[in-house]
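A closer look at the structure
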Amino acid sequence: HDPEYHEKLLMFNKMIEMVHMNAKSRQAIALLEKKMETLLVEKRNNASCPTCGKESPVSIIGETKHDDLDLRSDRVICSVCNHEFTNSLPNNWEDRIIFLKFVMALYTKFSKDENLKGLVDTPIGMKSFIKETKKWIKVYQHDNKELRKMKTLQKDAEKSLENFHDKLLLAKLKGMIWDNKNHLLN
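In this numbering scheme, every chain counts its residues from 1 along its sequence in written order. Two thresholds apply to this predicted model, a pLDDT of at least 70 for residue-level local features and 80 or more for giving and counting side-chain atom pairs, whereas whole-chain, interface and lining totals are computed over all residues. In computing side-chain values, all of the structure's heavy atoms are included and hydrogens and water are not.

Some details on the overall build of the chain
Note the threshold: Every helix listed is a DSSP run of H or I at least four residues long, and every strand listed is a run of E at least two residues long, numbered separately from the N terminus. When a residue's accessible area, from a 1.4 Å probe over protein chains only, is under 20% of the maximum for its type it is buried; when over 50% it is exposed; and in between it is partly exposed. Whether two residues are in contact is decided by their heavy atoms: any pair within 4.5 Å suffices. Every accessible area reported is derived by Shrake-Rupley at a probe size of 1.4 Å, with residue values counting cover from the shown protein chains alone.
Summing up its helical and strand segments, the chain has four helices and six strands in all. Scanning the chain from its N terminus toward the C terminus, one meets helices and strands in the order α-β-β-β-β-α-α-α-β-β. A burial count over the chain gives 27% of its 186 residues as buried. Counting only contacts in the chain whose residues sit at least 6 apart along the sequence, the fraction spanning at least 24 positions is 48%. For the chain, the accessible area works out to roughly 13200 Å², and carbon and sulfur atoms hold 57% of it.

Thoughts on unusual backbone geometry
Note: most residues except glycine have negative phi, and most peptide bonds are trans. In this structure, Asn82 takes a positive phi of about 60 degrees despite not being glycine. Tracing the backbone through its elements, the reader meets Asn82 in the loop between strand 3 (71–78) and strand 4 (84–90). A residue is classified by how much of its surface remains accessible, and Asn82, at 60% relative accessible area, is exposed.

Examining the environment of Val80
Here Val80 lies in the loop between strand 3 and strand 4. The exposure class of Val80 is partly exposed, given its relative accessible area of 47%. Sequence separation between Val80 and Lys54 is 26 residues, and the spatial gap between their C-alpha atoms is 7.9 Å. Excluding residues that lie within four positions of it along the chain, Val80 makes contacts with Cys52, Lys54 and Ser56.

So, the side chain of Gln154
This is how it is decided: What qualifies as a polar contact is a pair of N or O atoms within 3.5 Å, subject to a donor-acceptor requirement within protein and to the restriction that residues adjacent in sequence count only when both atoms come from side chains.
Tracing the chain through its elements places Gln154 in helix 4 (residues 126–173). Of the polar contacts made by the side chain of Gln154, one reaches the side chain of Ser25; its length is 2.5 Å. If sequence neighbours within four positions are ignored, Gln154 has contacts with Asn22, Ser25, Arg26 and Ile29.

Description of the pairing of strand 2 (residues 55–66)
Along any regular strand the residues' side chains alternate between the sheet's two faces. The test is simple: Any two strands between which DSSP finds at least two bridges are classified as paired.
Across three bridges, the pairing between strand 1 (residues 46–48) and strand 2 is antiparallel. Bridge pairing in strand 2 places Ala47 opposite Ser56. Once strand 1 ends, the chain turns through six residues before running back antiparallel as strand 2, passing Gly53 with a positive phi of about 80 degrees. Relative to strand 3, strand 2 runs antiparallel, the two sharing eight bridges. The residue bridging Gly62 from the neighbouring strand is Arg75, located in strand 3. Counted between consecutive antiparallel strands, the loop separating strand 2 from strand 3 contains four residues, among which Asp70 sits at a positive phi close to 55 degrees.

Here it is, written out as structure tokens:
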């Protein structure tokens, strides 16, 4: 067999493999993005109502900007008492992380103040709030890190495919053609 033909065949097999890997990578990215979006929607569609005090599903009716922290939160209506209020948590992951770290820092500061210690701890239940918050911040950060890593790999794969495509175009320009049996000919 012609060594050049064998080399070309290996090159095309590599391309097929790269296309399959690229497709799998895109699918994995889409699944992770969907998971993160679903979790955010679940978190946004439930809130603790300041009027009835219950955590329940809410209807999102608008958006409010927190001027102090430059964050955005949902304007919602409680499904239990129909009270309209602003959800205390921002409506996107990045802002939620900033806000929750801010709240945890305040809690730590105030919990060390002897005059406020009882107020900060007991009625608000901040310890369980912080424990739960740290748990899903960790989940978000892990998923976000994975997503960034996957997108970087995806970009690399797409660049490799683009380079391969360029090589194919050059090969075609040099006079390579396919015969009717899908064999590469010179």
